[in-house]
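Residues per chain are reported as follows:
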Amino acid sequence: MATEVDICNLALARLGDRATVSSIDPPEGSAQADHCARFYPIARDAILSAHPWRFAVKRATLPKMADAPVGDPASYFGLPSDCLRVVAVHCVGLENLPPMLRFYERTPDYRIEQVGGASTLVCEAESIWIEYVSSKTPAANFPSDFSDCLSWLLASYLAGTIIPGSSGIQVSANLMQYYQKTLTLAIQNDAAQRRERVQIHDPYAGDAGDIHAFN
C-alpha cells in the first residue's frame, strides 16, 4: 500500500519534477515538501468526500446536545470532528432486530446544521448511531486506484506552485481531467465491491428466489 509520501512523490513525478520528498509531516524543508504538506490534506479530504468509500467508513454513536436551539423540537447531535460525509443514520436498538426486519428499517430524516461553529446532525430520534466517511483514514488503507486518483488531484493542486504563469494553469486543468477519469473508475470499483455482500434469504418474500443483501 502507498504512503502519503509515495502519493506526493507520484504527484510530483506527474508534474515532471525530478525532486522527491521523504517527509511531509513535518515537512523536510524543501519547497516541494512544503507544498505537499499544504495541499495533500486538502486533496485527500476532497476525494474522500466525493463518495462513501467502503474503506473509509467508520461508525459512531452520537452524543445528544443538552442545549438545542430554541424553537426546534428535533434532537441535535454533535458530529465527530473527522466526519467528512454522513453515509447513514440509524436509531439505536434497531441493530438488534433479525436481519430480515433490519432490511425494512426506516432511516430517520436528518439534516446537517452549524451550531456554535460545530457541525451537528438534526433528526427526530432520541438516540442514534451513524456511518460516516472519516478524514482520519490512513493512507495504508487506500486501495491502489484511490491512491492513483489522489495523486492526480494533488498534482493538479501543485501545478500552480511549481509551474509558473499561465502554463501552470493549463497543466493544472489537464491534470484535473485525468483526476476526473480515474475518480470515475475508482468509484465504480468501490461500488462493485459493495455489491459483493452476504446475501440473506427473506423467508417472508413471496418468491422463494427473492434475496436481500446486507453489509
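All values derive from a computational prediction rather than experimental measurement.

Colleague: Explanation requested: helix H4 (residues 144-162) in the structure shown.
Modeller: Think of an α-helix as turning once every 3.6 residues; residues three or four places apart then point the same way. Given a rise of 1.5 Å per residue, 19 residues ought to cover 27 Å, and the 26 Å separating the end C-alpha atoms of H4 matches this to within 8%. Approximately 30° is the largest bend angle found in H4, and it occurs at Ser156. Within H4 the residues assigned to the buried category are Phe146, Ser147, Cys149, Leu150, Ser151, Trp152, Leu153, Leu154, Ala155, Ser156, Leu158 and Ala159. Elements in contact with the buried residues of H4: helix H1 (4-14), helix H2 (31-48) and helix H5 (165-194).

Colleague: Can you walk me through the nonpolar core in this structure?
Modeller: Across soluble globular proteins, nonpolar side chains show a tendency to be buried alongside one another. Counting 35 residues, the largest nonpolar core has Tyr40, Ile47 and Trp53 as its most contacted members. Among the elements of the structure, H1, H2, H4 and H5 are those that each provide at least two residues to this core. Residues contacting Ile47, with those up to four places away along its chain left out, are Trp53, Phe146, Cys149, Leu150, Leu153, Tyr179 and Leu183. Grouped together as the second largest cluster of nonpolar side chains are 13 residues, Ala60, Leu62, Val86 and Ala125 included.

Colleague: Please explain the sheet that holds strand E5 (residues 118-123) as it appears in this structure.
Modeller: The strands that make up a sheet are held in pairs by hydrogen bonds between backbone atoms, and each pair lies either parallel or antiparallel. Taking strand neighbours across the sheet as the criterion, the three strands line up as E2-E5-E4 in an open arrangement whose pairing is antiparallel. Of all strands in the sheet, those with a lone pairing partner are strand E2 (75-78) and strand E4 (110-115), marking the two edges. Each strand of the sheet is rotated relative to its neighbour by a mean of 35°, with strand direction disregarded. Two strands pair when backbone bridges link them, and E2 and E5 are joined in this way by four bridges, in the antiparallel orientation.

Colleague: Can you help me understand the packing of aromatic side chains in this one?
Modeller: The geometry of an aromatic ring pair comes down to the distance between the two centres and the angle between the two planes. Under the defined criterion, the tally for this structure stands at seven aromatic pairs. Plain terms: the ring middles of Phe39 and Tyr157 are 6.4 Å apart, the flat faces sit at 55° to each other, and that makes the pair tilted. One end of the pair, Phe39, is in helix H2; the other, Tyr157, is in helix H4, with 118 residues separating them in the sequence. When the ring of Trp152 is compared with that of Tyr178, the centres are 4.6 Å apart and the planes differ by 15°; the resulting orientation is stacked. In this pair, Trp152 is assigned in helix H4 and Tyr178 in helix H5, connecting sequence segments 26 residues apart. For Trp152, a relative accessible area of 13% puts it in the buried group. Taken together, the ring pairs in this structure connect Trp53, Phe55, Phe142 and Phe146 into an aromatic cluster. The side chain of Lys181 reaches across the aromatic face of Tyr178, ending 5.9 Å from its centre.

Colleague: What is the right way to read the pattern of salt bridges from this model?
Modeller: Where charged atoms from two side chains of opposite charge approach closely, those side chains can pair. Evaluated as defined, the whole model comprises six salt bridges. One salt bridge in this structure joins Arg44 and Asp45, with 3.0 Å as the shortest N-O distance. Two residues, Lys58 and Asp82, come together in a salt bridge whose shortest N-O distance is 3.1 Å. Of this pair, Lys58 sits in strand E1 (residues 57-61) while Asp82 sits in the loop between E2 and strand E3 (83-91), and the two are 24 residues apart along the sequence. Owing to a relative accessible area of 36%, Lys58 belongs among the partly exposed residues under this scheme. Here Asp82 falls in the buried class, since its relative accessible area comes to 4%.

Colleague: Explanation requested: the side chain of Ser75 in the structure shown.
Modeller: Topologically, Ser75 is positioned in strand E2. Taking the relative accessible area as the measure of exposure, Ser75 reaches 5% and is therefore buried. At 3.4 Å, the side chain of Ser75 and the side chain of Lys64 are in polar contact. A distance of 2.8 Å separates a polar atom in the side chain of Ser75 from the backbone oxygen of Ala125. If sequence neighbours within four positions are ignored, Ser75 has contacts with Lys64, Leu121, Val122, Cys123, Ala125 and Glu126.

Colleague: Can you help me understand H5 in this one?
Modeller: Taking 1.5 Å as the rise per residue, H5 with 30 residues should run 44 Å; its terminal C-alpha atoms sit 43 Å apart, in good agreement. Buried within H5 are the following residues: Gly168, Ser172, Leu175, Tyr179, Thr182, Leu183, Ala186 and Asp190. Lining the buried residues of H5 we find H1, H2 and H4.

Conventions and cut-offs
- Residues numbered from 1 in each chain as written.
- Predicted model: local features only at pLDDT ≥ 70, side-chain atom pairs only at ≥ 80, totals over all residues.
- Heavy atoms only, no water.
- Helix = DSSP H or I, 4+ residues; strand = E, 2+ residues; numbered from the N terminus.
- Expected span 1.5 Å × (residues − 1).
- Bend = angle between axes of the 7 residues up to and from the residue.
- Buried < 20%, exposed > 50% of the residue type's maximum accessible area, 1.4 Å probe, protein only.
- Contact = heavy atoms within 4.5 Å.
- Core = buried A, V, L, I, M, F, W, Y, C linked by side-chain atoms within 4.5 Å.
- Pairing = 2+ DSSP bridges.
- Axes fitted to C-alpha atoms, helices over the stretch in contact; angles between N-to-C directions.
- Phe/Tyr/Trp six-rings, centres within 6.5 Å; stacked < 30°, edge-to-face > 60°.
- Lys NZ or Arg CZ within 6 Å of the ring centre and 35° of its normal.
- Salt bridge = Lys/Arg side-chain N within 4 Å of Asp/Glu carboxyl O.
- Polar contact = N/O pair within 3.5 Å; in protein donor to acceptor, adjacent residues only side chain to side chain.

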